[in-house]
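Here is how the chains run, residue by residue.
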Amino acid sequence: MRNIFFLLFIVIPALEIVVLVLSGKAIGVWPTFAFIVATGIIGAFLAKKQGLHTLQRAKYEWMNGRIPSDALLDGICILVGGTLLLTPGFITDTAGFILLLPFAREKMKPWLVRLFKWMFYTKTWIYIRK
């Protein structure tokens with residue numbers, strides 16, 4: 001677990017800084033800035049559009065008496081992808097766009113199911129009961 005936090009909070013931001021500096025040298029500061037802002041705007045639009053579609057799909061499944069597990073997993077991927085697109089940097093933008101692609105989400109869902117099962121069975125899942 002420590003390795004994951006080390007990766008998330010130290011390694012990835014350091015790599016983002018390196019890529020941003022190299023991009024600034026290669027294409028210039030303002031084009032790099034414009035590209036980062038554009039990916040944030042495009043990502044927010046795509047995440048909103050796909051999130052609303054997924055919400056409608058989940059609502060439809062609930063209304064037909066089915067548990068919307070597939071839609072919920074899509075929603076998690078869209079939420080994480082949208083968040084990654086709003087953070088500045090090319091590496092996180094690439095990962096965010098990948099998570100917004102429907103065929104990439106299909107590849108991620110079995111991994112997410114295994115992760116959630118592991119968290120549930122090892123009791124690392126934290127929830128609050130009232």
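Check the entry above for the structure.
Residues numbered from 1 in each chain as written. Predicted model: local features only at pLDDT ≥ 70, side-chain atom pairs only at ≥ 80, totals over all residues. Heavy atoms only, no water.

Visitor: Is there a simple way to think about the overall build of the protein in this case?
Guide: Looking only at helices and strands, the protein has five helices and zero strands in total. If you list the helices and strands of the protein from N to C, you get α-α-α-α-α. Compactness check: the protein gives a C-alpha radius of gyration of 18 Å against a globular reference of 14 Å for 130 residues, more than 25% above the reference. Across its three principal axes, the protein shows a C-alpha extent of roughly 55 × 35 × 30 Å. Carbon together with sulfur atoms contributes 76% to the accessible area of the protein, which is approximately 9900 Å² in total. (Helix = DSSP H or I, 4+ residues; strand = E, 2+ residues; numbered from the N terminus. Rg over C-alpha atoms; globule rule 2.2 N^0.38 Å. Areas by Shrake-Rupley, 256 points an atom, 1.4 Å probe, with all protein chains shown as cover.)

Visitor: Would you take a moment to explain a nonpolar patch on the surface for this structure?
Guide: A grouping of Ile4, Phe5, Phe6, Leu8, Phe9 and Ile10 is seen on the molecular surface, where their side chains present a nonpolar patch of about 640 Å² in accessible area. Following the sequence through the fold, isoleucine 4 ends up in helix H1 (residues 2-27). (Patch = residues over 30% accessible without salt bridge, like charges linked within 9 Å, V, L, I, M, F, W, Y side chains within 5 Å. Salt bridge = Lys/Arg side-chain N within 4 Å of Asp/Glu carboxyl O.)

Visitor: In this structure, what is going on with the packing of aromatic side chains? I would like to understand it.
Guide: Two descriptors summarise a pair of aromatic rings, namely the distance from one centre to the other and the angle between the planes of the rings. On inspection of all chains with the given rule, the structure shows two aromatic pairs. Ring geometry for tryptophan 30 versus phenylalanine 33: centroids 5.8 Å apart, planes at 85°, classification edge-to-face. One end of the pair is tryptophan 30 and the other is phenylalanine 33, both in helix H2 (residues 29-63) and three residues apart, which spans about a single turn. With centroids separated by 5.2 Å and ring planes inclined at 45°, the aromatic side chains of phenylalanine 35 and phenylalanine 90 adopt a geometry described as tilted. Here phenylalanine 90 lies in helix H4 (residues 90-100) and phenylalanine 35 lies in helix H2, a separation of 55 residues in the sequence. Residue phenylalanine 35 is classed as partly exposed on the basis of its relative accessible area of 42%. On the basis of relative accessibility, which here comes to 16%, the residue phenylalanine 90 falls in the buried class. (Phe/Tyr/Trp six-rings, centres within 6.5 Å; stacked < 30°, edge-to-face > 60°. Buried < 20%, exposed > 50% of the residue type's maximum accessible area, 1.4 Å probe, protein only.)

Visitor: Is there a simple way to think about the packing of helix H3 (residues 69-86) against H4 in this case?
Guide: Helices that pack against each other are described as a pair by the angle of their axes relative to one another and the distance between those axes. Contact pair H3 / H4: the axes reach a minimum separation of 7 Å and the direction vectors enclose 155°. As the angle between them shows, H3 and H4 are arranged roughly antiparallel. The way H3 lies across H4 gives a crossing that is left-handed. Contacts from Cys77, Ile78, Val80, Gly81, Gly82, Leu84 and Leu85 of H3 reach H4 at Thr92, Asp93, Ala95, Gly96, Phe97, Leu99 and Leu100. Its residues assigned to classes, the contact of H3 with H4 comprises nine nonpolar, four polar and one charged. (Axes fitted to C-alpha atoms, helices over the stretch in contact; angles between N-to-C directions. Parallel < 35°, antiparallel > 145°, perpendicular 65-115°, else oblique. Left-handed = near helix turned anticlockwise from the far one by under 90°. Contact = heavy atoms within 4.5 Å. Nonpolar A, V, L, I, M, F, W, Y, C, P; charged D, E, K, R; others polar.)

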